[in-house]
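# Structural overview
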Amino acid sequence: MKLTGAKILMEVLKDEGVDTIFGFPGGAVIDIYDELARTDIRHVLVRHEQGAVHAADGYARAGSRVGVCLVTSGPGATNTVTGIASAYLDSIPIVVFTGQVPTQLIGNDAFQEVDIVGITRPCTKHNFLVQRTEDLGRVVKEAFFIARSGRPGPVLVDLPKNVMNTATDFKMPGEVSLRSYNPTYNPNAKQLKRVVDLIIEADRPMIFAGGGVILSKGSKELTEFARKIQAPVTTSLMGLGAFPGSDPLWLGMIGMHGTYQANLCTGQCDLMVSIGVRFDDRVTGKTDTFASQAKIVHIDIDPTSIRKNVPVTIPVVGDCKSALEHLNTLLDETDLGNLKKKRKPWLDQIVEWKSTTPLDYKQDDQTIKPQYVVEKLFEVSKGEAIITTEVGQNQMWAAQYYHFEKPNHFITSGGLGCMGFGLPAAIGAQAACPDRLVVDIAGDGSLQMNIQEMTTAVQHGLPVKVVLLNNGYLGMVRQWQELFYDRRYSSTCLDCAPDFVKLAEAYGAVGLRAERPEDVVPVLKEGLFSPHMVIMDFRVTKEESVYPMVPAGAPITEMLLV
Amino acid sequence: MKEEKHVLSLLVDNEPGVLSRIAGLFSGRGYNIESLCVAETMEAGVSRVTIVTKANEPLVEQIKKQLNKLVNVIKVHELTGNAFVNREMLLIKVFAKPEHRAEILRIVDIFRCKVVDVGKEHYTIEVTGDEGKMAAILSLLKPIGIKEIARTGAIALFREPK
């Protein structure tokens, strides 16, 4: 039977199990939208294409599957670039379909034509321009396969209009196999044996886990591994939730705004077992001094992550979960001696660091401290909310004070640090998990970058909750200006701002406000359990800063404290 | 760490945009390209890319890994450090006044190259060889007068066991 390209696309999407698409229509994709309306696939109509990509990102992370976007050519396509770059840096599996002008017009500077394949080449895992309807089914299959396999990432498929409205014979392509693309899943057994030897030798080991553990669904194995070897665990921002925040071995996050004990551990440890991380500069600080006493084991599915930023003693290329499973089996077969006794001085040292210099702030009875709001949010939501964040101080306080127990509960733009991420990502997460409480911890600067998506949430009945830490500043930049630019607050004061309560109401959502510390819990209780979308506007201390802080480029052990 | 030349040989899918992915990887990550040659192989749909880059040891490792990561790259080999044959080709248009012609032909003979075009006042000479040979003949012909040159990058293959 002959099917049009648009119809073929729908067939393959159904075959891939796609039930939700985030998108925005336009001339070049009108045939696709015509077919889409005749399927059971839910289309979430965003109000800006950047929102569609972030929503697909949130959907992918909360639901552990591939997120899908559909946008038109030209500006529709260029508006997706920021979202794609964010998903690329965080290794999130999404497939973005962009419309394109008909093939005979490509290269003619036609109306709404851009070379989106050229533009997104450096920020996608791979991308395709489909030239013939006959190729469409295979290409879409390959796009999903590439997005979800190996180190996941965004894949873009550019769809010229004539390819979509031409009909051709169609048979569903079989399993994808690409000669030039074979990620290594199984780690080398000899290397893992060497890792076990190092673990036995070590006096002061630590584990540094990242987003790779969450992507490979290896949290359970990581927890088992840490308990077996009695090593303290830190994670990167992307790794929060990979290890339970209530475990005694938990150190807190590492890095520029990491905890005192996590950062000090990196300087003192003699073995760092790093799993699914990429040693970002926000983690290592000055790389020459990073973990200078330690042998470093690096387990990652992407060989380019290994030895890119720091020298490594034992590289292990492979899937994090498989590697951890192998290691746990090896450890079971090995006589580890009395590890608890051997590790005691090291673990005692860490307890001392934790108790002398915990994460800290001082709540007075006058103004609300932003950290207090996040702490109370943790309590009122019983630590079970899926949290998305914007970028800046709000993001760091969320990371520090919401003690994540489980993976896939913290959704943030880690690598790109993309303001405007949290609200659309929350919408995507809510679409993936309709029965869960989804909260965007926001700042007043970031929230305004994609505020238009409130309509999307209201229209589609996705009752996300925004906990707005409203300090009237672009707080993180203001903090840098305070500390390193002699308090010259150049363009960081947002004293002209909308009334967020009225704004919520104008969008058909609920707006609540808290101005005093005693308002915080009642507002959270009212807002979080509402069946509607809610903005909770917490008027917090204007010039509060995030501590600890390691100045950019300094050794990670040299922290500014409260 | 010392920067050295490395010859990399890649087998890639012969598809539109593949060269741009490779060139974009080098420019985007600040890697150096000394020369780059691309042409089809005997296998339909597969091209060979030969890249000469200058990098220190850890960086060339990273370059190879990054190239391998590109979905369209089938195989990456480093020739440097192994036995391999390496050739470039050079076309030199040299001013050939009557009093210089004999000397030019003598140089052509010594270097075992060919005159492929003769004009009223110019010879065009075809040279193949490695980089050293190119440099040598250019330095000998320069005093006589070179109008222009065109030159390929290196192409290379592993030597087979004897």
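Residues numbered from 1 in each chain as written. Chains lettered and ligands numbered in written order. Predicted model: local features only at pLDDT ≥ 70, side-chain atom pairs only at ≥ 80, totals over all residues. Heavy atoms only, no water.

## Quick notes on the overall build of chain B
- Check the secondary structure of chain B and you find four helices and nine strands.
- Counting from the amino terminus, helix and strand elements in chain B follow one another as β-α-β-β-α-β-β-α-β-β-α-β-β.
- In terms of its C-alpha atoms, chain B occupies a principal-axis envelope of roughly 55 × 40 × 40 Å.
- Per-residue burial for chain B yields a buried fraction of 40% across its 162 residues.
- Long-range contacts, defined as pairs at least 24 residues apart, comprise 72% of the intrachain contacts of chain B with a sequence gap of at least 6.
- Accessible surface for chain B amounts to roughly 9200 Å². Of this, 54% is attributable to carbon and sulfur atoms.
- Computed over 24 positive and 21 negative side-chain charges, the inter-centroid distance for chain B is 2 Å. (Helix = DSSP H or I, 4+ residues; strand = E, 2+ residues; numbered from the N terminus. Buried < 20%, exposed > 50% of the residue type's maximum accessible area, 1.4 Å probe, protein only. Contact = heavy atoms within 4.5 Å. Areas by Shrake-Rupley, 256 points an atom, 1.4 Å probe, with all protein chains shown as cover. Lys, Arg positive; Asp, Glu negative; His and termini not counted. Charge placed at Lys NZ, Arg CZ, Asp CG, Glu CD.)

## Quick notes on the side chain of Asn127(A)
- Mapped onto the fold, Asn127(A) is located in strand β6 (residues 126-129).
- The exposure class assigned to Asn127(A) is buried, which follows from its relative accessible area of 2%.
- Polar side-chain contacts of Asn127(A) include one of 2.9 Å to the backbone oxygen of Val117(A).
- Not counting the four nearest positions on each side in its chain, Asn127(A) is found in contact with Val117(A), Thr120(A), Arg121(A), Leu156(A) and Arg21(B). (Polar contact = N/O pair within 3.5 Å; in protein donor to acceptor, adjacent residues only side chain to side chain.)

## So, the interface of chain B and chain A
- Contacts between the two partners involve 15 residues from chain B and, on the opposite side, 15 residues from chain A.
- Interface area for chain B against chain A, summed over the two sides, is near 1400 Å², with a carbon-plus-sulfur share of 46%.
- Linking chain B with chain A are two salt bridges.
- Salt-bridge contacts for Asp302(A) lead to Lys69(B); the nearest nitrogen and oxygen are separated by 2.7 Å.
- Linking chain B with chain A are nine residue pairs in polar contact (both at pLDDT 80 or more), by the criterion used here.
- Mapped by element, the contributors of at least two residues to the side of chain B that touches chain A are α1 (18-28), α2 (57-69) and β4 (73-78) of chain B. (Buried area = accessible area lost by both parts, 1.4 Å probe. Salt bridge = Lys/Arg side-chain N within 4 Å of Asp/Glu carboxyl O.)

## Some details on unusual backbone geometry
All names here are of chain A.
- In the segment running from Tyr 547 into Pro 548, the intervening peptide bond is cis, with an omega of 0°.
- For Arg 307, which is not glycine, the phi torsion reads 65° and is therefore positive.
- Note that Arg 307 resides in the loop between β13 (295-300) and β14 (314-317).
- Unlike most non-glycine residues, Ser 491 shows phi in positive territory, near 60°.
- Among the structural elements, Ser 491 can be located in the loop between α21 (475-484) and α22 (500-506).
- Residue Ser 491 is classed as exposed on the basis of its relative accessible area, which comes to 68%.

## Examining the domain arrangement of chain A
Residue and element names in this part refer to chain A.
- Entries for chain A in the domain assignment read domain 1 (2-169), domain 2 (189-356) and domain 3 (370-539).
- For the pair domain 2 and domain 3, the two sides together bury roughly 1300 Å², of which 64% comes from carbon and sulfur.
- On the domain 2 side of the contact with domain 3, Leu 237, Leu 240 and His 257 bury the most area, a combined 43% of that side's loss.
- In this structure, the connection of domain 2 to domain 3 is made through zero salt bridges.
- The interface formed by domain 2 and domain 3 contains four residue pairs in polar contact (both at pLDDT 80 or more). (Domains from an automatic or database assignment.)

## Some details on the nonpolar core
All names here are of chain A.
- Judged by nonpolar contacts, the single largest core of 96 residues is most densely connected at Ile 207, Phe 225, Ile 275 and Phe 538.
- Each of domain 2 (189-356) and domain 3 (370-539) gives at least three residues to this core.
- Ala 429, Ala 431, Cys 433 and Leu 462 belong to the second largest nonpolar core, which has 48 residues in total. (Core = buried A, V, L, I, M, F, W, Y, C linked by side-chain atoms within 4.5 Å.)

## Focus: the sheet that holds strand β19 (residues 510-514) of chain A
All names here are of chain A.
- Here we have six strands laid out as an open sheet, ordered β16-β15-β17-β18-β20-β19, and parallel in their pairing. The strands lining the two open edges of the sheet, one partner per strand, are β16 (410-411) and β19.
- Bridge analysis of strand β18 (residues 465-470) against strand β20 (residues 534-539) gives six bridges, and the strand direction is parallel. Across the sheet, residue Asn 470 finds its bridge partner in β20, namely Arg 539.
- The strands that helix α16 (residues 370-380) touches are β15 (386-389), β17 (438-443), β18 and β20; relative to β18, the one it contacts most, it runs at about 160°. (Pairing = 2+ DSSP bridges. Axes fitted to C-alpha atoms, helices over the stretch in contact; angles between N-to-C directions.)

## Quick notes on the sheet that holds strand β3 (residues 46-55) of chain B
Residues and elements named next belong to chain B.
- Strand order in the open sheet formed by four strands is β2-β3-β1-β4, with antiparallel pairing between adjacent strands. Each edge of the open sheet is held by one strand with a lone partner, namely β2 (35-40) and β4. Direction aside, the axes of adjacent strands within the sheet are offset by 20° on average.

## Remarks on the environment of Gly211(A)
All names here are of chain A.
- Here Gly 211 is to be found in helix α10 (residues 211-215).
- For the pair Gly 211 and Ala 242, spaced 31 residues apart in the sequence, the C-alpha separation amounts to 7.8 Å.
- Not counting residues up to four positions away in its chain, the partners in contact with Gly 211 are Ser 236, Met 238, Gly 239 and Gly 276.

## Some words on the pairing of strand β4 (residues 67-71) of chain A
Residue and element names in this part refer to chain A.
- The buried count for β4 comes to five of five residues, which makes it a mostly enclosed element.
- Residues Gly 67, Cys 69 and Val 71 point to one face of β4 and Val 68 and Leu 70 to the other, with burial holding for every one of them.
- By the bridge criterion, three bridges tie strand β2 (residues 20-24) to β4 in an arrangement that is parallel. The residue bridging Phe 24 from the neighbouring strand is Val 71, located in β4.
- The pairing of β4 with strand β5 (residues 94-100) spans five bridges and is classified as parallel. Among the inter-strand pairings, Gly 67 is bridged to a residue of β5, identified as Ile 94.

## Description of the environment of Lys321(A)
All names here are of chain A.
- Residue position: Lys 321 is located in helix α14 (residues 320-332).
- Judged by its relative accessible area of 26%, Lys 321 is partly exposed.
- When sequence neighbours within four positions are dropped, the list of residues in contact with Lys 321 reads Ser 216, Lys 217, Gly 218 and Glu 221.

## Topic: α16(A)
All names here are of chain A.
- Across the eleven residues that make up α16, a large majority, eight, are buried.
- The complete set of buried residues in α16 reads Pro 370, Gln 371, Tyr 372, Val 373, Val 374, Lys 376, Leu 377 and Val 380.
- On the buried face of α16, the contacting elements are β15, α17 (393-401), β17, β18, α23 (520-528) and β20.

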